[in-house]
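Structural description and commentary
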Amino acid sequence: MNHGKIIPMSKRLIIGNWKMNPGTPEEAKKLVRKTKRAALGLVKTEIVVCPPFPFLTACVPRKKEANFKVGAQSVSAEEGVGARTGEVSATMVRAIGAEYAIVGHSEQRKVGESGNSDTDETVSKRLNAALNAGLVVILCVGEKARDENGTYLEELKNQIKNSLLNTPKKFASKIIIAYEPVWAIGAQEAMNSEQIYETSIFVRKIFADVFGADNGLKAKVLYGGAVNFRNAYEIMTVGKVDGLLVGRESVNAPGFVELIKAVDKITA
Ligand code: PGA
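All chains use their own residue numbering, which begins from 1 and follows the written sequence. Under the rules for a predicted model, residues below a pLDDT of 70 receive no local features and side-chain atom pairs below 80 are neither given nor counted, while totals for whole chains, interfaces and linings still include all residues. Side-chain metrics rest on all non-hydrogen atoms present in the structure, leaving aside hydrogens and water.

A closer look at the layout of surface pockets
Whether a set of points on the 1 Å grid over the protein atoms alone is a cavity depends on a 1.4 Å probe fitting there but being unable to get out, while an open set qualifies as a pocket with protein on both sides within 12 Å along at least five of seven lines; lining residues are those with an atom within 4 Å of a point. Grid points are joined across faces, edges and corners, and a volume is the space filled by probe spheres set on the points. One number sums up the size of the second largest pocket: a volume of about 330 Å³. Of all the secondary structure elements, the ones that give two or more residues to the lining of the second largest pocket are strand S6 (175–179), helix H7 (193–211) and helix H8 (213–218). Here a helix means four or more residues in a row that DSSP labels H or I, a strand means two or more in a row labelled E, and each is numbered from the N terminus. Per element, the largest residue contribution to the lining of the second largest pocket is 3 residues, and it comes from H8. Polar here means any residue other than Ala, Val, Leu, Ile, Met, Phe, Trp, Tyr, Cys and Pro, which are nonpolar, and Asp, Glu, Lys and Arg, which are charged; Gly is therefore polar. For the lining of the second largest pocket, the per-class residue count stands at 8 nonpolar, 3 polar and 6 charged.

So this is what it looks like as structure tokens:
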């Protein structure tokens with residue numbers, strides 16, 4: 001029975017993936033200050049920024065900020081502490097007050113670059129390490145190319161299923177899926193919004209296959225790849241996603257502020 005209680009709508013989520021930017025802590029602080037200020041007045045939207053590791057501490061707010069949180073761009077597959085040169089564990093990230101972690105970004109999956117080359121198996125380990133440490137995970141998935149016979153759907157399905165293979169169902173509400181077609185990342189144009197809509201439904205269905213229909217319905221599915229302040233509104237409304245994962249535009253303060261405002265303004 002409805003007792004007249006208003007059930008709060010789940011907020012839209014905009015994640016700023018700063019990648020290997022900016023160059024100095026001063027610039028990072030400036031960028032985070034501007035982003036926080038824009039987040040302050042939001043009604044339906046929450047912002048998460050993911051700076052490079054050296055700037056994480058400086059970007060984590062000292063007190064709780066309205067609609068603003070901080071995440072890491074990756075975490076080690078190993079939990080806790082140990083002999084892992086160059087690695088940063090999810091436990092450490094959580095200990096300094098960050099609340100989110102991106103895992104499985106295509107730039108980390110890419111073979112041969114910066115010594116990373118993540119596979120579904122390492123992505124799954126990183127994901128579980130992050131969840132065990134109490135972080136919310138942004139799991140990136142996306143096909144390398146589109147083809148007419150739909151093998152990209154198989155590629156997507158395998159990425160999602162394999163990444164979640166060893167994850168207990170109790171963590172389902174702590175996983176956000178960011179659908180990022182690899183070919184749209186860093187590109188001039190985003191994927192068209194009708195295709196975003198179709199693919200996000202598919203992604204949600206696979207998530208539901210893994211964690212059950214109820215969790216599938218509740219899951220947040222984001223889109224990423226060439227999102228900017230001009231196309232954000234259309235991607236959100238026509239693509240009907242729950243939020244956006246933004247690269248380049250998230251380190252361009254004026255553009256990111258515009259983008260945030262455009263998304264928050266959407267009615268419905
Ligand atoms: P882009 O990057 O917005 O610069 O295309 C998106 C991403 O890689 O997450």
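Alright, that's what it looks like, and here's the rest.
Structural notes on the state of the cysteines
In this description, a disulfide is simply a cysteine sulfur pair whose atoms lie within 2.5 Å. All told, the structure shown has 0 disulfides when counted by the stated rule. Free of any disulfide, Cys 50 has its nearest neighbouring cysteine sulfur in Cys 140, separated by 9.1 Å. The classification of residues rests on relative accessible area computed with a 1.4 Å probe and restricted to protein chains. Under 20% of the type maximum is buried, over 50% is exposed, and intermediate values are partly exposed. Taking relative accessible area as the criterion, Cys 50 reaches 0% and is therefore assigned buried. Cys 59 takes part in no disulfide bond, and the closest cysteine sulfur to it belongs to Cys 50, at a distance of 10 Å.

Side note on the pairing of strand S5 (residues 136–141)
Burial runs high along S5: 6 of the 6 residues are buried. Of the two faces of S5, the one carrying Val 136, Ile 138 and Cys 140 and the one carrying Val 137, Leu 139 and Val 141 are both buried. The pairing of strand S4 (residues 100–103) with S5 spans 4 bridges and is parallel. Counted as the bridge partner of Val 103 is Leu 139 from S5. Relative to S6, S5 runs parallel, the two being bridged by 5 bridges. Its bridge partner being in S6, Ile 138 is matched across the sheet by Ile 176. Note that the unit made of S5, helix H6 (residues 151–163) and S6 has a crossover that is right-handed. In short, DSSP must find at least two bridges between two strands for them to pair. By the criterion used throughout, a crossover qualifies as right-handed when its path from the first strand across the helix to the second strand runs clockwise, the strands pointing away from the viewer.

Quick look at the pattern of salt bridges
By convention in these notes, a salt bridge is any Lys or Arg side-chain nitrogen within 4 Å of a carboxyl oxygen on Asp or Glu. Counted according to the given criterion, the structure contains 14 salt bridges. In this structure, Glu 46 and Lys 69 form a salt bridge, with 3.5 Å as the shortest nitrogen-oxygen distance. Of this pair, Glu 46 sits in strand S2 (residues 45–50) while Lys 69 sits in strand S3 (residues 68–72), and the two are 23 residues apart along the sequence. Lys 205 is the partner of Asp 209 in a salt bridge, and the nearest nitrogen-oxygen pair spans 3.2 Å. Taken together, the residues span about one helical turn, with Asp 209 and Lys 205 both in helix H7 at a distance of 4 residues. For Lys 205, a relative accessible area of 47% translates into the label partly exposed. What you see here is one network of salt bridges that share partners, running through Lys 161, Lys 205 and Asp 209.

Section: the site of the ligand
Around the ligand, the structure places Asn 17, Lys 19, His 105, Glu 180, Ala 184, Ile 185, Gly 186, Gly 225, Ala 226, Leu 245, Gly 247 and Arg 248. Any pair of nitrogen or oxygen atoms within 3.5 Å is treated as a polar contact; in protein, a donor-acceptor pairing is required on top of that, and neighbouring residues in sequence qualify only through side-chain atoms on both sides. Contact distances for the ligand include 2.7 Å between an oxygen atom and a side-chain N or O atom of His 105. Note that an oxygen atom of the ligand is positioned 2.7 Å from one of the side-chain N or O atoms of Arg 248. For the ligand, whose free accessible area comes to 280 Å², the fraction covered by protein is 99%. Looking at the shell around the ligand residue by residue, the class counts come to 4 nonpolar, 5 polar and 3 charged. Any residue with at least one heavy atom within 4 Å of a molecule or strand is counted as near it. The protein chains shown are the only cover counted for residues, whose accessible areas, like all others here, come from Shrake-Rupley with a 1.4 Å probe.

Some words on the packing of aromatic side chains
Working definition: a ring pair exists when centres of Phe, Tyr or Trp rings (six-membered ring for Trp) sit within 6.5 Å. Plane angles under 30 degrees give stacked, over 60 give edge-to-face, the rest tilted. Counting across every chain of the model gives 2 aromatic pairs. Seen from their ring centres, Phe 207 and Phe 211 are 5.1 Å apart, and the 65° between their planes marks the pair as edge-to-face. With Phe 207 and Phe 211 both in helix H7 and 4 residues apart, this pair spans about one turn of that helix. On the accessibility criterion, Phe 207 (1% relative accessible area) is buried. Counted as over-ring charges are cases with an Arg CZ or a Lys NZ within 6 Å of the ring centre that also lie within 35 degrees of the ring normal. The side chain of Lys 240 reaches across the aromatic face of Tyr 197, ending 4.7 Å from its centre.

What to know about helix H5 (residues 120–132)
With 13 residues, H5 extends 18 Å between its outermost C-alpha atoms, agreeing within 8% with the 18 Å of an ideal straight helix rising 1.5 Å per residue. Looking only at H5, the buried set comprises Asp 120, Val 123, Ser 124, Arg 126, Leu 127, Asn 128, Ala 129, Ala 130 and Leu 131. The secondary structure elements touched by the buried residues of H5 are helix H3 (90–95), S4, helix H4 (106–109), S5, H6 and S6. Once H5 ends, the next one or two residues include Gly 134, with phi positive near 95°. To estimate how far a helix should extend, the number of its residues minus one is multiplied by 1.5 Å. Residues count as neighbours in contact if any of their non-hydrogen atoms are within 4.5 Å of one another.

Some points on the nonpolar core
The set of buried Ala, Val, Leu, Ile, Met, Phe, Trp, Tyr and Cys residues whose side-chain atoms join them within 4.5 Å is what this entry labels a nonpolar core. Counting residues in each nonpolar core, the largest one holds 66 residues, and the members touching the most others are Ile 47, Leu 139, Tyr 223, Leu 244 and Leu 259. Beyond its immediate chain neighbours, meaning those up to four positions away, Leu 259 contacts Ile 14, Val 227, Asn 228, Phe 229, Ala 232, Leu 244, Val 246 and Glu 249. Counting residues in each nonpolar core, the second largest holds 13 residues, with Ile 15, Tyr 100, Val 136 and Cys 140 among its members.

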